[in-house]
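# Per-entry structural report
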Amino acid sequence: MSRAPHRFYFAGHLKGEGPVVELSEDESRHLLRVLRLRAGTTVDLFDASGQGWSGQVEAGAGSRARVRLLGPIERDLTLGPPLGIAIALVKRRAMDLVIEKLSELGVDTVQPLMADRTVTRLDENDPPERWGRLAIAAAKQCGRNQPLAILPPAPVLDWLQRDRPPAHTIFADPSPAARPIGQWLAERSGARLPMWVAIGPEGGWTPRECAAFEQAGFLPVRLMNMILRTETAAMAAATACRLLSDVAHPSAGELL
């Protein structure tokens, strides 16, 4: 069985480019120095718009790798409606894990939140460049053509006041009175609408944050009957939404 071609990210739009494109320094280093791919090797490229192209490595120009575009790649990655996860900031290692796993689970957008009980400082995570690199690396590994979009961190109340396109919106609430997420997914109307799920910090949402979520139209939803770490809760919510939402996937841009 032949091995699937290595995948590389093109920092631009492949449509309209060509016939030869030049990769970024980071991607060129991976292609030329880490993998040591030779001229004539077939590779796959993808860009931020979700375009995928087959290409052939040409001789590098200095520190940059050059790839000749051969043709577009059609991929059917029907995952369900656009899915966004708003997550309270966690420590650097946990946030790295969140970005990697949410990428693999097909989440379209992540909104880092600064909640009342957030204890992690923003500068501990070295955003946004680090998160962007992790999202691209995860996309290369899992086969998705459009990297996870990571929005600038925002305070919870500020984010809730922003205008967003129509979407199903919920926030994690461990209270026994909250509806289970499986029930909510089964009963929601307009299953093709995008979804936003808000995950709180280790100490949970404060009463004023819960009130703000409900005022903004978010429904309290229970993930399970145990207390989960923030990063575990984000992955559990993403898994549930993807496994139980098997309708056609509209444009992820509807989330932004």
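To keep things clear, this report deals only with the structure shown in the data block. What you see is a predicted model, and the numbers here were worked out from it, not measured in a lab.

## Quick look at the overall build of the protein chain
Helix and strand content of the protein chain: seven helices and 13 strands. Since a compact globule built from 256 residues should have a radius of gyration of about 18 Å, the 20 Å found for the protein chain is in line with a globular shape. Principal axes of the C-alpha set define a box for the protein chain whose edges measure 60 × 40 × 35 Å. Taking the intrachain contacts of the protein chain between residues at least 6 apart in sequence as the baseline, contacts between residues at least 24 apart amount to 78%. Roughly 13,000 Å² of accessible area belongs to the protein chain as shown, and the carbon and sulfur atoms make up 51% of that amount. Measuring between centres, the 30 positive side-chain charges of the protein chain sit 5 Å from its 29 negative side-chain charges.

## Brief notes about the environment of Arg 64
Considering the arrangement of structural elements, one finds Arg 64 in strand E5 (residues 64-72). Considered as a pair, Arg 64 and Asp 26 are 38 residues apart in the sequence and their alpha carbons are 9.0 Å apart. Residues in contact with Arg 64, not counting those within four places in the same chain, are Glu 22, Leu 23, Ser 24, Glu 25, Ser 28 and Leu 32. Among the polar contacts listed, one links the side chain of Arg 64 to the backbone oxygen of Leu 23, at a separation of 3.2 Å.

## Observations concerning the packing of aromatic side chains
The description of an aromatic ring pair rests on the distance of the ring centres and on the angle between the ring planes. Under the counting rule described, the total for this entry stands at six aromatic pairs. Residues Trp 159 and Trp 196 carry aromatic rings whose centres are separated by 5.3 Å and whose planes lie at 70° to one another, so their mutual orientation is edge-to-face. Separated by 37 residues along the polypeptide, Trp 159 in helix H4 (residues 156-160) and Trp 196 in strand E12 (residues 195-199) bring together distant segments of the chain. An identical accessibility class is assigned to Trp 159 and Trp 196; each is buried. Here a set of aromatic residues connected by ring pairs shows up, and it is made of Trp 159, Phe 171, Trp 196, Trp 205, Phe 213 and Phe 218.

## Thoughts on the pattern of salt bridges
Two side chains with opposite charge may pair up if their charged atoms get near one another. A complete count under the given rule lists eleven salt bridges for this structure. Across the pair Asp 26 and Arg 29 runs a salt bridge, and its minimum N-O distance is 3.0 Å. Of the two residues, Asp 26 and Arg 29 both sit in helix H1 (residues 25-34), three residues apart, roughly one turn of that helix. Among the ionic pairs, Lys 101 bridges to Glu 104, the shortest N-O distance being 3.6 Å. Of this pair, Lys 101 and Glu 104 are both found in helix H2 (residues 92-104), three residues apart, which corresponds to roughly one turn of the helix. Overall, the relative accessible area of 26% leaves Lys 101 in the partly exposed class.

## Some remarks on the nonpolar core
Counting residues in each nonpolar core, the largest one holds 31 residues, and the members touching the most others are Ile 85, Ile 181 and Ile 199. In this structure Ile 181 touches Ile 170, Val 221, Arg 222, Leu 223, Ala 237, Ala 240 and Cys 241, once residues within four positions along its chain are discounted.

## Some words on helix H6 (residues 207-215)
Along H6, the residues that are buried comprise Glu 209, Ala 212 and Phe 213. Projected onto a plane normal to the axis of H6, the buried residues spread over an arc of 100° and lie on a single side. Summarising the geometry of H6, the exposed residues directed more than 90 degrees from the buried face are Pro 207 and Gln 215. Of the surrounding elements, those touching the buried residues of H6 are H4, strand E10 (168-172) and E12.

## A short note on the side chain of Glu 209
Among the secondary structure elements, Glu 209 is positioned in helix H6. The side chain of Glu 209 is buried and forms no salt bridge, while Arg 208, the nearest opposite charge, is found at 5.6 Å. Contact partners of Glu 209, with chain neighbours within four places excluded, come to Ala 115, Asp 116 and Val 156.

## Focus on the packing of H2 against helix H7 (residues 230-243)
The contact between H2 and H7 brings their axes to 9 Å, and the two run at 10°. With respect to H7, the axis of H2 lies roughly parallel. Contact residues: H2 offers Ala 94, Leu 97, Val 98, Lys 101 and Leu 102, while H7 offers Glu 231, Ala 234, Met 235 and Ala 238. Of the residues contributing to the contact of H2 with H7, the split by class is seven nonpolar, no polar and two charged.

## Concerning unusual backbone geometry
At Arg 36, a position not held by glycine, the phi torsion is positive, near 55°. For Arg 36, a relative accessible area of 63% puts it in the exposed group.

## Comments concerning the side chain of Arg 242
Positionally, Arg 242 belongs in helix H7. Given a relative accessible area of 10%, Arg 242 falls into the buried group. Within the structure, Arg 242 has its side chain in polar contact with the backbone oxygen of Gly 106 (distance 2.9 Å). Engagement of the side chain of Arg 242 in a polar contact is seen with the side chain of Asp 108, the distance being 3.1 Å.

Cut-offs and rules
- Residues numbered from 1 in each chain as written.
- Predicted model: local features only at pLDDT ≥ 70, side-chain atom pairs only at ≥ 80, totals over all residues.
- Heavy atoms only, no water.
- Helix = DSSP H or I, 4+ residues; strand = E, 2+ residues; numbered from the N terminus.
- Rg over C-alpha atoms; globule rule 2.2 N^0.38 Å.
- Contact = heavy atoms within 4.5 Å.
- Areas by Shrake-Rupley, 256 points an atom, 1.4 Å probe, with all protein chains shown as cover.
- Lys, Arg positive; Asp, Glu negative; His and termini not counted.
- Charge placed at Lys NZ, Arg CZ, Asp CG, Glu CD.
- Polar contact = N/O pair within 3.5 Å; in protein donor to acceptor, adjacent residues only side chain to side chain.
- Phe/Tyr/Trp six-rings, centres within 6.5 Å; stacked < 30°, edge-to-face > 60°.
- Buried < 20%, exposed > 50% of the residue type's maximum accessible area, 1.4 Å probe, protein only.
- Salt bridge = Lys/Arg side-chain N within 4 Å of Asp/Glu carboxyl O.
- Core = buried A, V, L, I, M, F, W, Y, C linked by side-chain atoms within 4.5 Å.
- Arc of directions from axis to C-beta.
- Axes fitted to C-alpha atoms, helices over the stretch in contact; angles between N-to-C directions.
- Parallel < 35°, antiparallel > 145°, perpendicular 65-115°, else oblique.
- Nonpolar A, V, L, I, M, F, W, Y, C, P; charged D, E, K, R; others polar.

Taken by themselves, the reported measurements are silent on function.
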